[in-house]
Amino acid sequence: MRPVKLTISAFGPYARKTELGLSELGACGIYLITGDTGAGKTTLFDAIVFALYGEPSGVTRETSMLRSKYAEPETDTYVEMTFVFKSNEYKVFRSPEYLRPKKRGEGYTTQKADAVFYYPDGKVVTGNLQVNDVIKDLMGIDRSQFSQIAMIAQGDFLKLLLATTKERQEIFRRIFKTKNYEILQNCLKNEAGSLGNKYNDIRKSIRQYIDGIDCEAADEFETEVNKAKNGQLTSDEIMELLAKLLLQDEVKQKSGNDALKTVEAEISKIDAALGKATQDNKVRADLSKAQTELAAVMEKLPELKTAYEETADYQVELESLTGRIATERGQLFQYEELETVNKNIGDKGKQLKALQKKKAELIESIDLKKEQLKEWKEQLSTLKDAETNILHLETELEKADSKKTQIEGINMLLSEHLAIKIAYEEAQEKYLSLRNMAEMASNTYIELNRVFLDAQAGILAQTLEVGQPCPVCGSLEHPAPAYISDKAPAEKTVEAARKKADKTQTDASAASSAAAVEKGKLDAKDIEIDKAARDIFLQRPERIEQAISEELLRISELNANLARGLEEEKHRYQLKVDIEVKLPKLDKDLIELDDEIIGNKTAIATLETEIVGFEDILKNLKDALAFATKKEALENISLLNEKKKQLETAAQNAKDNWEAHKILVTSLEAQIETLNNQLDHARAIDTLELTEQKNELVRRKNALSANLMAIVSRLHTNSNIESRFNDRLQEVAEIEERLKWVRTLADTANGQLTGKDKIMLETYVQASHFERILRRANMRLMIMSSGQYELKRAADASNQRSQSGLELNVIDHYNASERSVKTLSGGESFMASLSLALGLSDEIQSASGGIHLDTMFVDEGFGSLDEETLSQAIKVLNNLADSNILVGIISHVSELKERIDRQIIVKKDKSGGSRVEIIT
């Protein structure tokens, strides 16, 4: 994927529509993205990522923050990008969700997010989710993976280098399409777990069946049953025991059934005799009761007849009550008319009071709104400057933030200066130590060499003869010949001292050079600090840390004051907007209130006239009626009806009682005659003796039933256990056999074999890709580190308890050591992460799956490199031209501006926002 044209509108710091012809930068090689701090260099990468995936690149930037705060209200926020992918040209348009002024009326409305994707053949896909799917299918990676592969981002560039096995698995899974291996691992793991659970469940079930074997207490098989429950019998022995128990209980069941039938037959005979005795006793009791009732009724009968004859006198009074009730019911409609008039007067009175109250409220509301109108107009005159003040305060806040960033940059430079100073002092101390050692070794060698040479002269002196010339000076006389010292060193000792002196001198020279390099870094950092300090303080303060602290404190206080002021001005501006919106409505309300009060007065006059008319009608009705209300009239009618009803009820009751008692006498006489007939042939039966016999038989029956139920229960229980126990034995054997090989396969695929490295099948496959990535990465890293460093996948896991296989070490060829990549310095880590990212990009493009990236961005990191390493890094990036990769470097490093010709320069405008210039 290589961007060809990028259009940004009201996006981040870019207030206006900005078009970048990225094709001008070429199709490969490197270019520099540089400019003012905070101007929006990284935002260009954000725009590319947003165009592709609908989200910015970093986690600190949310989609809702993409709308430029410098943009004019009418300027739309969007990103449009044309890009080339596998020789085909595509175009994508994206706009985020944001608030914009309404096109009609006042206030704001939400502009919904949108996306459009254009294929080379003219086909168009719309909608955020739909375009996201298209991009992922086309590119083969999601936003997070694209950001990791295509961007070595400021503050995040170590993530790919220092990622754990698990984190690298997620990256490689999508890139190299190893998801199926993970699915296989999980399927095997789930299958093994499921079989294990099923196996354990069946074993528990078998144990429950054995524990459930039922046996009668003190039975001959009780000992064997206890052995089975304690796990002392085999499965075959348990099956044999169950067969014996079932056979024994079947015999007992047949014997019990026969005994029970005999007892039940004897109980039936006794029940028949007791039933006949009970029936005779009941007849005798019923006869006595009937005779008593007949005597009582005969005694009461004359009194009831007299009461019935006296009810003939009630008829005259009943006729009088009926006439009065009819008269009063005929006047009820007039009471209804009376109530209607009363109600109308009440309703009209309430309406009148409501209108009068409404009139007072309208007058009060008009007065309040006129007072509010006056107050708002006075407030508007004091809020005219709010909008201007907001713009001024926002500008001052941006200036303060920019200065704070510069000061924090000096703080970082001071920290780097301190680290370099410590390194320099350590290098200097090492040099002085080595220099002293070199001097001591040199002095030792000179002394040993002198003694050795002196000893050589003594040997030569032994050959001198008087009159013979000296082989050294030619003299014929030898007044003081040298002698051989007992302490003269051997030639090997002298040679060893010479080598040691040479080595210490070499070491001292190397240490001197190293100290000189650190001194150069220290001087360069001092110059950088001086330049940065002059930009802020005009000159470098003597106590720069204190000056920085005071300036940061001053800026912090200034920011707080500006923020408070800005909040107050925004509140004033909002108040101004609210008042301007409310004033027209208030004027309209006053007009409507005036119209409403006129209508109110008219309605009051009409109601007063209607109430006078209803009061005249009410007076006439009251004069013509006996009661004040319909309720009182109805209550009187009710009393008359109740009295009439009581007379009618008394007459009817007297008649009913007289006739009922005559019928009852006849019925009782017939009943007595029938009962006498039933007792003619009855004989006496001893029920007490029969009852005792029955109770004894019932006790025998209950004992037999309980024993039989226990036998049946044991038969049912043991029969079920025998059947299910045998089924479970067959089932557990089958599952155990399958579980053995499935668990072994699952442990192997999931890296869970005891005593082995925790490498999963998917990780093993990914490791082969990782090895190829490292081979490609090391081609760059060896160049950038001058042959010192090489990346290597860790051969062994750090422990055998966690997943491994994708850990990363670094080989240091200078001291022949291997260690974790986490031990690399800042500059070394940058080189390693850059190499790894380039290697990953190469492998992605060569692997199957259609992923193809022609563009990469590097955001900062070069500031941590020394001059030589920086040259090597640029050399590696320049070599990418052979791979048709275009690399954009986002950096402030001044050396890069001199070395890289193609540049995108981002600058801040004084009026707000940023602008872009491409230099080729």
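Residues numbered from 1 in each chain as written. Predicted model: local features only at pLDDT ≥ 70, side-chain atom pairs only at ≥ 80, totals over all residues. Heavy atoms only, no water.

Colleague: Got a minute to help me understand helix α6 (residues 179-211) in this structure?
Modeller: Since the α-helix advances by 3.6 residues per turn, residues separated by three or four positions end up pointing in the same direction. If you check α6, its first and last C-alpha atoms are 47 Å apart, about what 33 residues at 1.5 Å a residue would give, namely 48 Å. What α6 keeps buried is the set Glu182, Gln185, Leu188, Ala192, Leu195, Gly196, Tyr199, Ile202, Ser205, Ile206, Tyr209 and Ile210. (Helix = DSSP H or I, 4+ residues; strand = E, 2+ residues; numbered from the N terminus. Expected span 1.5 Å × (residues − 1). Buried < 20%, exposed > 50% of the residue type's maximum accessible area, 1.4 Å probe, protein only.)

Colleague: Any chance you could explain the sheet that holds strand β13 (residues 817-820) here in plain terms?
Modeller: Adjacent strands of a sheet pair through backbone hydrogen bonds, lying either parallel or antiparallel. On the basis of which strands lie adjacent, the open sheet formed by 3 strands has the order β11-β12-β13 and antiparallel pairing. Where the open sheet ends on each side, the last strands, each with one partner, are β11 (789-793) and β13. Averaged over all pairs of adjacent strands, the angle between strand axes in this sheet comes to 35 degrees, irrespective of strand direction. Two strands pair when backbone bridges link them, and β11 and strand β12 (residues 808-812) are joined in this way by 5 bridges, in the antiparallel orientation. The residue of β12 that forms the bridge with Leu791 is Val810. (Pairing = 2+ DSSP bridges. Axes fitted to C-alpha atoms, helices over the stretch in contact; angles between N-to-C directions.)

Colleague: Please explain the sheet that holds strand β5 (residues 88-95) as it appears in this structure.
Modeller: One open sheet accounts for 6 strands, arranged β2-β1-β4-β5-β8-β9; its pairing is antiparallel. In this open sheet, the two strands that pair with only one neighbour each are β2 (18-20) and β9 (124-126). Here the strands of the sheet are splayed against their neighbours by 10 degrees on average, with no regard to which way each runs. Alignment of β5 against strand β8 (residues 114-118), held across 5 bridges, turns out to be antiparallel. Paired with Lys91 across the two strands is Tyr118, which belongs to β8. In this fold helix α1 (residues 41-53) packs onto β1 (2-9), β2, β4 (78-85) and β5, with an angle of close to 80 degrees to the strand it touches most, β4. (Contact = heavy atoms within 4.5 Å.)

Colleague: Would you take a moment to explain the side chain of Lys41 for this structure?
Modeller: If you trace the backbone, Lys41 turns up in helix α1. A relative accessible area of 7% means that Lys41 is categorised as buried.

Colleague: Looking at this structure, how should I read the environment of Tyr764?
Modeller: Mapped onto the elements, Tyr764 comes out in helix α16 (residues 761-784). The spacing of Tyr764 and Leu806 is 42 residues in sequence and 8.7 Å in space, taken between C-alpha atoms.

Colleague: Which parts of the structure should I look at to understand the packing of aromatic side chains?
Modeller: The geometry of an aromatic ring pair is captured by the separation of the ring centres together with the interplanar angle, meaning the angle of the planes. In total, this model carries 7 aromatic pairs according to the counting rule given. With a centroid separation of 5.0 Å and an interplanar angle of 55 degrees, the aromatic rings of Phe45 and Phe857 are classed as tilted. Here Phe45, found in helix α1, pairs with Phe857, found in strand β14 (residues 855-859); they are 812 residues apart in sequence, far enough to count as distant. Residues Phe45 and Phe857 agree in their burial class; the two are buried. An aromatic cluster is present here, built from Phe83, Tyr90, Phe117 and Tyr119 joined pairwise through their rings. (Phe/Tyr/Trp six-rings, centres within 6.5 Å; stacked < 30°, edge-to-face > 60°.)

Colleague: I would appreciate a short explanation of the pairing of β14 in the present structure.
Modeller: Two faces, one strand: in a regular strand the side chains alternate between the faces of the sheet. By the criterion of burial, β14 is predominantly enclosed, with 5 of the 5 residues buried. Side-chain alternation along β14 places Thr855, Phe857 and Asp859 on one buried face and Met856 and Val858 on a second face that is also buried. By the bridge criterion, 5 bridges tie β14 to strand β15 (residues 886-890) in an arrangement that is parallel. Of the residues in β15, the one forming a bridge with Val858 is Ile889.

Colleague: I tried to follow the nonpolar core on my own but got confused; where do I start?
Modeller: Note on soluble globular proteins: their nonpolar side chains tend to be buried together. Core analysis: the largest hydrophobic core is formed by 86 residues, its most contacted members being Leu52, Phe83, Phe117, Phe146, Leu791 and Phe862. Ranked by residues supplied to this core, first place goes to α1 with 9 residues. Membership of the second largest hydrophobic core comes to 26 residues, among which are Ile206, Phe221, Leu233 and Leu739. (Core = buried A, V, L, I, M, F, W, Y, C linked by side-chain atoms within 4.5 Å.)

Colleague: Hey, could you run me through the pattern of salt bridges in this one?
Modeller: Working definition: two side chains of opposite charge can pair if their charged atoms are close together. All chains considered together, the criterion is met by 36 salt bridges. Its salt-bridge partner being Lys694, residue Asp271 comes within 2.7 Å of it at the nearest N-O pair. Note that Asp271 is positioned in helix α8 (residues 235-310) and Lys694 in helix α15 (residues 687-749), a separation of 423 residues in sequence. A single network of salt bridges, built from pairs that share partners, joins Glu216, Asp219, Asp249, Lys252 and Arg714. (Salt bridge = Lys/Arg side-chain N within 4 Å of Asp/Glu carboxyl O.)

Colleague: What exactly am I supposed to notice about the pairing of β4 here?
Modeller: Taking burial as the measure, the 8 residues of β4 include 7 buried ones, the bulk of the element. As paired strands, β1 and β4 are joined by 7 bridges and run antiparallel to one another. Bridged to Ile8 within β4 is Val79. Pairing between β4 and β5: 7 bridges, direction antiparallel. Its bridge partner being in β5, Thr82 is matched across the sheet by Lys91.

Colleague: Is there a simple way to think about the side chain of Ser835 in this case?
Modeller: As for its placement among the helices and strands, Ser835 is situated in helix α17 (residues 826-846). At a separation of 3.3 Å, a polar atom in the side chain of Ser835 contacts the main-chain amide nitrogen of Leu781. Leaving out residues up to four positions away in the same chain, Ser835 has contacts with Ala777, Arg780, Leu781 and Met784. (Polar contact = N/O pair within 3.5 Å; in protein donor to acceptor, adjacent residues only side chain to side chain.)

Colleague: Any chance you could explain the packing of helix α10 (residues 332-382) against helix α13 (residues 544-624) here in plain terms?
Modeller: Helix-helix packing is characterised by the crossing angle of the two axes and by the distance between the axes. At a minimum axis distance of 6 Å, the contact between α10 and α13 shows a crossing angle of 160 degrees. Here α10 lies roughly antiparallel to α13, going by the angle between them. Between α10 and α13 the crossing geometry is left-handed. A per-class count over the contact of α10 with α13 returns 26 nonpolar, 11 polar and 20 charged. (Parallel < 35°, antiparallel > 145°, perpendicular 65-115°, else oblique. Left-handed = near helix turned anticlockwise from the far one by under 90°. Nonpolar A, V, L, I, M, F, W, Y, C, P; charged D, E, K, R; others polar.)

Colleague: Would you mind going over α10 with me for this structure?
Modeller: Taking 1.5 Å as the rise per residue, α10 with 51 residues should run 75 Å; its terminal C-alpha atoms sit 74 Å apart, in good agreement. Buried within α10 are the following residues: Leu332, Tyr335, Leu338, Val341, Ile345, Lys348, Leu352, Leu362, Ile366, Leu373, Trp376 and Leu380.

Colleague: Is there a simple way to explain the packing of helix α12 (residues 491-537) against α13 in this structure?
Modeller: The contact between α12 and α13 brings their axes to 12 Å, and the two run at 40 degrees. Looking at the two axes, α12 sits oblique to α13. Our pair here, α12 against α13, has a crossing hand that is left-handed. On α13, the residues that touch Ile529, Ala533 and Phe537 of α12 are Ile544, Ala547, Ile548 and Glu551.

So far we have only geometry, and geometry alone does not tell us how the molecule works.
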